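# Fold and contact review
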Amino acid sequence: MLTDSTLPYPALHASHSGIWICGSDGVSRAIGKGEAIGCVAETPHILLNAPLMGQRLGYPDLSGLDLLELFAFIHPAQFVVPTPAGLAKTLGLEPAGQEADIAKLYRLAADHLLAGLQAPHWPEREGAWSSAQAMYRMRWPWAAEVSKRLTKPAEAERWLFSKLEEWEEETPRPAPRAVTMDESATLAQLNSLTGKGSEEREGQKSYASAVAKIFEPRRVKGAPNMLLAEAGTGIGKTLGYLAPASLWSAEAGGAVWISTFTKALQRQLDRETRRIYPDEEIFRKKVVVRKGRENYLCLLNLEDALQGGFAGRAAILAHLVARWAAYSKDGDMVGGDLPGWLTTLFRRNGATALTDRRGECVYAGCPHYRKCFIEKAARASQQADIVIANHALVMVNAARGREQQNAPTRLIFDEGHHLFDAADSMFAARLSGQEAIEIRRWVIGPESKNRGRRRGLAARLADLASYDDEGGRAIESARHAAEALPSDGWLQRLSESEPFGPVEALLGEVRHMVFARDESQSADAGYGLETELTDVEGPMIDAVANAAEAIDALLKPLVRLGQRIEHLIEEGPDWMDAPARARMEGALSSLGWRCDTLSGWLALLSRIGGPADPDFVDWLMIDRFEGREYDIGICRHWLDPTIPVTEVVMKPAHGLMITSATLKGGGDWETARARSGAVHLDQTVQEFEVPSPFNYADQAKVIIVTDVKRGDMAGLAGAYAQLIEASGGGTLGLFTAIRRLRTVYARIADRMAQSGLPIYAQHVDPIDTGTLVDIFRDDPKASLLGTDALRDGVDVPGRSLRLVVMESVPWPRPDILHKARRIAGGGTAYDDRIIRARLAQAFGRIIRRADDHGHFVILSSAFPSRLLTAFPEGTPIERMPLAQALAEIKAAKSKTGQSSLSPDISFGHDAPQRDKTDDKSGGI
Ligand code: SF4
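Reading guide: rules and limits
- Throughout this description, residue numbers start from 1 for each chain and increase along the sequence as written.
- In keeping with the model being predicted, local features are shown solely for residues with a pLDDT of at least 70 and side-chain atom pairs are shown and tallied solely at 80 or more, while totals for entire chains, interfaces and linings include all residues.
- Only hydrogens and water are set aside when side-chain values are computed; all heavy atoms of the structure are taken into account.
- The helix count covers DSSP runs of H or I at least four residues long, the strand count covers runs of E at least two residues long, and both are numbered beginning at the N terminus.
- Restricting the calculation to C-alpha atoms gives the radius of gyration, and the globule rule supplies 2.2 Å times the number of residues raised to the power 0.38.
- For every residue, the accessible area (1.4 Å probe, protein chains only) is compared with the maximum for its type, and the residue is labelled buried under 20%, exposed over 50%, or partly exposed between those bounds.
- Residues are treated as being in contact if the distance between any of their heavy atoms lies within 4.5 Å.
- Per-residue and other accessible areas were derived by the Shrake-Rupley procedure at a 1.4 Å probe size, with only the shown protein chains allowed to occlude residues.
- Neither His nor the chain ends is counted toward charge; the positive residues are Lys and Arg and the negative residues Asp and Glu.
- To locate a charge, take atom NZ for lysine, CZ for arginine, CG for aspartate or CD for glutamate.
- Strand pairing is assigned whenever DSSP identifies at least 2 bridges connecting the two strands.
- Near, as used in this document, describes a residue that has one of its heavy atoms within 4 Å of the molecule or strand being considered.
- For this scheme, ten residues count as nonpolar: Ala, Val, Leu, Ile, Met, Phe, Trp, Tyr, Cys and Pro. Four count as charged, namely Asp, Glu, Lys and Arg, and the remainder, Gly too, count as polar.
- Convention adopted: a line fitted to C-alpha atoms gives each axis, helices being fitted over their contacting stretch, and angles between N-to-C directions are expressed from 0 to 180 degrees.
- Pairing of aromatic side chains requires ring centres within 6.5 Å, counting the rings of Phe and Tyr and the six-membered ring of Trp. Pairs whose planes differ by under 30 degrees are stacked, by over 60 edge-to-face, and all others tilted.
- We call a charge positioned over a ring when the NZ of a Lys or the CZ of an Arg lies within 6 Å of the ring centre and within 35 degrees of the ring normal.
- The rule is simple: put a 1 Å grid over the protein atoms alone, call a set of points where a 1.4 Å probe fits but cannot get out a cavity, call an open set with protein on both sides within 12 Å along at least five of seven lines a pocket, and count a residue as lining if it has an atom within 4 Å of a point.
- Grid points are joined across faces, edges and corners, and a volume is the space filled by probe spheres set on the points.
- Under this scheme an angle from 65 to 115 degrees is roughly perpendicular, one under 35 degrees roughly parallel, and one over 145 degrees roughly antiparallel; angles in between are oblique.
- Crossing handedness follows the turn of the near helix against the far one: under a right angle anticlockwise gives a left-handed crossing, and clockwise gives a right-handed one.
- Any Lys or Arg side-chain nitrogen located within 4 Å of an Asp or Glu carboxyl oxygen qualifies as a salt bridge.
- Known as pLDDT, the predictor's confidence for each residue is given on a scale from 0 to 100.
- Helix span, as expected, comes to 1.5 Å for every residue beyond the first.

## Remarks on the overall build of the protein
- What the protein contains, in helices and strands, is 39 helices and 23 strands.
- Taking 924 residues into account, the globule formula puts the C-alpha radius of gyration at 29 Å, and the protein, at 28 Å, falls close to it.
- Summarising its shape, the C-alpha atoms of the protein cover approximately 80 × 70 × 65 Å along the three principal directions.
- Out of the 924 residues in the protein, the part that is buried amounts to 56%.
- Relative to all contacts within the protein whose residues are 6 or more apart in sequence, the contacts with residues 24 or more apart total 76%.
- Total accessible area on the protein is roughly 38,200 Å²; 51% of this is exposed by carbon and sulfur atoms.
- Averaged over its 108 positive side-chain charges, the protein has a centre that lies 2 Å from the centre of its 121 negative ones.

## Side note on the pairing of strand β15 (residues 655-660)
- In terms of residue burial, β15 counts as a mostly covered element, since 6 of its 6 residues are buried.
- Here β15 shows two buried faces, one formed by G655, M657 and T659 and the other by L656, I658 and S660.
- Sheet topology places strand β6 (residues 225-231) next to β15; 6 bridges connect them, and they run parallel. Considered in β15, the bridge of A229 is made with T659.
- Here 4 bridges tie strand β10 (residues 410-413) to β15, and the two strands are oriented parallel to one another. Across the sheet, I412 pairs through a bridge with M657, a residue of β15.

## Regarding the site of the ligand
- Every residue lining the ligand is accounted for by R293, C298, L299, L300, C361, V362, C366, Y369, C372 and I374.
- Residues of the shell around the ligand, tallied by class, amount to 9 nonpolar, no polar and 1 charged.

## Some details on the sheet that holds strand β9 (residues 386-390)
- If you trace the 7 strands from one edge of the open sheet to the other, you get β8-β9-β7-β10-β15-β6-β16, paired in parallel fashion. Each of the sheet's edge strands pairs with one partner strand only, and the pair in question is β8 (287-289) and β16 (686-690). If you compare each strand with its neighbour and ignore which way they point, the axes differ by 15° on average.
- The strands that helix α29 (residues 669-676) touches are β6, β15 and β16; relative to β6, the one it contacts most, it runs at about 125°.

## Observations concerning the packing of aromatic side chains
- Taken as a whole, this structure holds 12 aromatic pairs when the rule is applied.
- Centre to centre, the rings of W167 and Y369 are 5.4 Å apart; their planes meet at 85°, and the pair counts as edge-to-face. Here the residue W167 occupies a position in the loop between α8 (160-163) and α9 (183-194), and Y369 occupies one in the loop between α16 (340-345) and α17 (373-383), the gap between them amounting to 202 residues. Here W167 and Y369 have matching classes, each one buried.
- With a centroid separation of 5.5 Å and 65° between ring planes, the pair formed by F843 and F871 is classed as edge-to-face. Linking F843 in helix α36 (residues 828-843) with F871 in the loop between β22 (854-858) and β23 (877-880), this pair joins segments that are 28 residues apart in sequence. Both residues of the pair, F843 and F871, belong to the buried class.
- Aromatic rings pair up to connect F694, Y696, F843, F856 and F871 into one cluster.
- In this arrangement the basic side chain of K163 is found over the ring face of Y327, its NZ or CZ atom lying 4.1 Å from the centre.
- It is R323 that lies over the ring of F73; its NZ or CZ is 4.8 Å from the centre.

## Considerations on the layout of surface pockets
- The computed volume of the second largest pocket comes to approximately 1,200 Å³.
- Lining the second largest pocket are 45 residues, and of these P84, A85, I102, P758 and D779 sit closest to its centre.
- Elements supplying a minimum of two residues to the lining of the second largest pocket: β1 (11-15), α2 (50-57), α4 (84-91), α5 (102-116), α32 (738-754), β19 (759-761), α33 (769-778) and α38 (903-910).
- The element that contributes the greatest number of residues to the lining of the second largest pocket is α4, accounting for 4 residues.
- Of the residues belonging to the lining of the second largest pocket, the class tally is 27 nonpolar, 10 polar and 8 charged.

## Describing the sheet that holds β23
- The 7 strands lie next to each other as β19-β20-β18-β21-β22-β17-β23, forming an open sheet whose pairing is parallel. The outermost strands of the open sheet, each flanked by one partner alone, are β19 and β23. Strand after strand, the sheet turns through a mean of 20° between neighbouring axes, direction not considered.
- In the sheet, strand β18 (residues 731-734) pairs with strand β20 (residues 783-786) via 3 bridges, with the strands oriented parallel. Residue G733 lies in a different strand from β20, and its bridge partner there is L785.
- Where α32 meets the sheet, it contacts β19 and β20, and its direction lies at approximately 160° from that of β19.

## Looking at unusual backbone geometry
- You will see that A77, though not glycine, has its phi angle at about 65°, which is positive.
- Residue placement: A77 occurs in the loop between α3 (67-74) and α4.
- Of note in the backbone geometry, H763 takes a positive phi value of approximately 70° without being a glycine.
- Following the sequence through the fold, H763 ends up in the loop between β19 and α33.
- A relative accessible area of 32% places H763 in the partly exposed class.

## Details of the environment of A582
- Inspection of the secondary structure assignment puts A582 in helix α27 (residues 578-606).
- As a C-alpha pair, A582 and Y363 span 219 residues in sequence and 6.7 Å in three-dimensional space.

## Looking at the packing of α9 against helix α11 (residues 237-252)
- One way to put it is that α9 packs onto α11 with a least axis distance of 9 Å and a crossing angle of 120°. Put simply, α9 runs oblique to α11. For α9 against α11, the interelement crossing comes out right-handed. Judged by residue contacts, A185, T186, Q189, L190, L193 and T194 of α9 engage L239, G240, L242, A243, P244, S246 and L247 from α11.
- A class-by-class count of the residues in the contact of α9 with α11 yields 8 nonpolar, 5 polar and no charged.

## Some words on the pattern of salt bridges
- For the coordinates displayed, the defined rule picks out 47 salt bridges.
- Across the pair K291 and D332 runs a salt bridge whose closest N-O atoms are separated by 2.4 Å. Highlighted residues: K291 in the loop between β8 and α14 (299-309) and D332 in the loop between α15 (312-327) and α16, separated in sequence by 41 residues. Exposure class is identical for K291 and D332. Each is buried.
- A salt bridge links R564 to E470, with the shortest nitrogen-to-oxygen separation between them at 3.8 Å. Linking R564 in helix α26 (residues 539-571) with E470 in helix α23 (residues 469-482), this pair joins segments that are 94 residues apart in sequence.

## Here we look at the environment of E169
- Relative to the helices and strands, E169 is located in the loop between α8 and α9.
- Classification of E169 as exposed rests on a relative accessible area of 51%.
- Remark: the alpha-carbon pair of E169 and R370, spanning 201 residues in sequence, is separated by 9.5 Å.
- Once residues lying within four places of it in the same chain are set aside, the contact partners of E169 are R370 and R379.

## Regarding the side chain of Q762
- With respect to the helices and strands, Q762 occurs in the loop between β19 and α33.
- Since its relative accessible area comes to 6%, Q762 is described here as buried.
- Excluding residues that lie within four positions of it along the chain, Q762 makes contacts with L741, T769, L772, L785, G786, T787, A789 and L790.

## Some points on the confidence of the model for the protein
- Here the protein averages 88 in pLDDT, and 94% of its residues register 70 or above.
- Taken as a whole, residues 898-924 scores under 50 in pLDDT and shows 49 contacts with residues more than four places along the chain or in a different chain.

## Structural notes on α15
- For α15, which comprises 16 residues, the first-to-last C-alpha distance of 24 Å matches the rise-based estimate of 22 Å (1.5 Å per residue) to within 8%.
- The buried fraction of α15 is high, at 13 of 16 residues.

## Here we look at α23
- Between its first and last C-alpha, α23 extends 20 Å over 14 residues, near the 20 Å set by a 1.5 Å rise per residue.
- Taken together, the buried positions of α23 are G471, G472, A474, I475, A478, A481 and A482.
- Tucked into the core, α23 has its buried residues touching α20 (433-444), α21 (457-460), α22 (462-467) and α26.

See below:
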């Protein structure tokens, strides 16, 4: 039974099954939407996740005393599952037995959290008083209650920027020694990592031995020791490669880079590498997580936001982010220890402006350079033994020649089946309005009454301009030439056929041509449009020539400026101390990146009207969503993007492995070789395969439902609802189109909530995908609907995931790029390879451990039998009508349900897989 809070505020809870209010007298009652909206508009209410609750209420402007904001203030850099049950669990409160009690729980949770402010050993006290004062002035709804409970510290609190540690410059690491890997030592290392008494896994041992060979000394320059390895789920792949990697690193004194695609795997690796270095201090030196710079908080941007650059809600977010930054492990705002839900509470208001997305970093010219999270991570990785990175970062560093001294030579690409797609986006060129306006802003700086510290090239390189006339003239010419690029309001001008300047004129022609040639029937549906770049004539040719001239006029002074900076660095004038030199080097690197982009645009334009380059696929596009245009441009992708990856990443490496549970994508080695780029290497590439140890015949079943008609949305929604009910939740619903996902969700959400089976959906709920998965994992009765990102970014072992439902065969979207690759890749066989890979990935979500059981249901009677090889050997597969499928799933539920459906046991099962930040939140 819940006791009551003493706070004078009422609380509100809204879900798909109803709305409840708990008054300051502690009495709860159900109310209607209209009354609820009236109440919250009049008095601030305690609530949980205002954007989500506002959506449930149909009142998007809902605001109030959000418990998540209070949690973020009191426990920065800690995680809580943002649901009533998650909050109760973290705070050690009794969960609400029924939805009607949740509003009352909110009042208690608020009491509990606020009491923490007066706890004698509150570890995050430093800085709280000053933040609360500032947030009081900003009218943060909690500020009055928080301030009441905080006493002014006797001594002034250290300001965030003085509290953070500085990084130290260290001598560059010598090149690694050549060592020969000893198999018995590799196995001994594996044994010590898996722990005494753990079950001997033959598959894992042979995998570790195969991986060790990539660390042998390389025989020929340009020909790395390379291994393609498919290791079925459950083999213990991560420890299987960490054993030889850590051994080599210790003996050779070099770093091994482990590149992942999903954040889930990065988190897992962060946990698993602790086994190698159990001492926390050593671990922090030896293992470093690296991400792209746009993931990290930029302290200069934060300072600007705190000092008036942000207003209203965005300013409150900035203060909560500052609280977090003071306690964060590494300043990573995306997937690090900043709770994913925090920025969505502010409707992403301002969060992106706190990172360095536009390459405006002033490096050593920044007062926080020595404390900068990005610089800290880059330096730490120079000394680390294991660097956990992602495919995009590895490629971007290699392609842009960044961190050459620290370039990875031993690489393990886990989730290697994503390498192709990661390379596809990395090496693509796009001349679009949004891209062009970014370059204009980078060169010119703010042109309107923009707040913020953004500055143009002239301001950033003022010292160079005053010392070097030629450099100064180059900056001035670039500034002048950049005026030919699109500026604010360009989309509006294009829609009114009034472009300004040669590049806008070109984009106007692109828009005109795309609409004229569209045959997709989607012009009226309001979604993206594209057309091939062929048979171009007349006005388009003229527009291309004018735009190319304007782009060339910008490229030339930028190249000249780069040469002047290089010259200056070599010359080393008196005024150029180490910080100024570092800033010049930083400027050179971002100039190089812009020059590459502009050269790519010129190459793209030069082909218009001429012969096509067989290595590339070019097309024109309009990016739209629900009728609104976001971008217009010309795109160029490599027909095979693994060609540049092979050149810039693979050939320079000494040892390299590409591994995945589905590397062959349910197909053959030919697929793996083609999708990984191995076909472009001259030497023989080793191949290794070990099947999953799971007993799929007993643990899983594939059901193809034969009586849900294609295109029957009511039937599809009904099938989803019945399947979720039969399974008692624990369902991951995968869709190939956002529109169908939304329709199904809208039809079933209320019904499911009334059955006590909450349902969440990507693209519908205002919650980031990572948090949605956390919520899903935490509640065995919850279900989650989503699209591609959930197909293999979800690692939910145990009862929380026992049913995967795919709405249809995941055919590739027949866009221009796909059509070109399909022709080059063998037509139907190419499509089949893609579909099999997608099915194998989706199926892989169900059985994550030896005691998992589950069903994989496809709601498509037209499922071709030739695709059935996508599933692991021995998996039972049966076609049947929906009613029979429901009966089977219900029977399976009652068979396995009694022993594992109790929430206590379910949470216990999930615990080892949870993000470690979850553990920290216990016992608050
Ligand atoms: S060094 Fe650059 S990224 Fe780091 S805080 Fe300063 S401006 Fe931001």
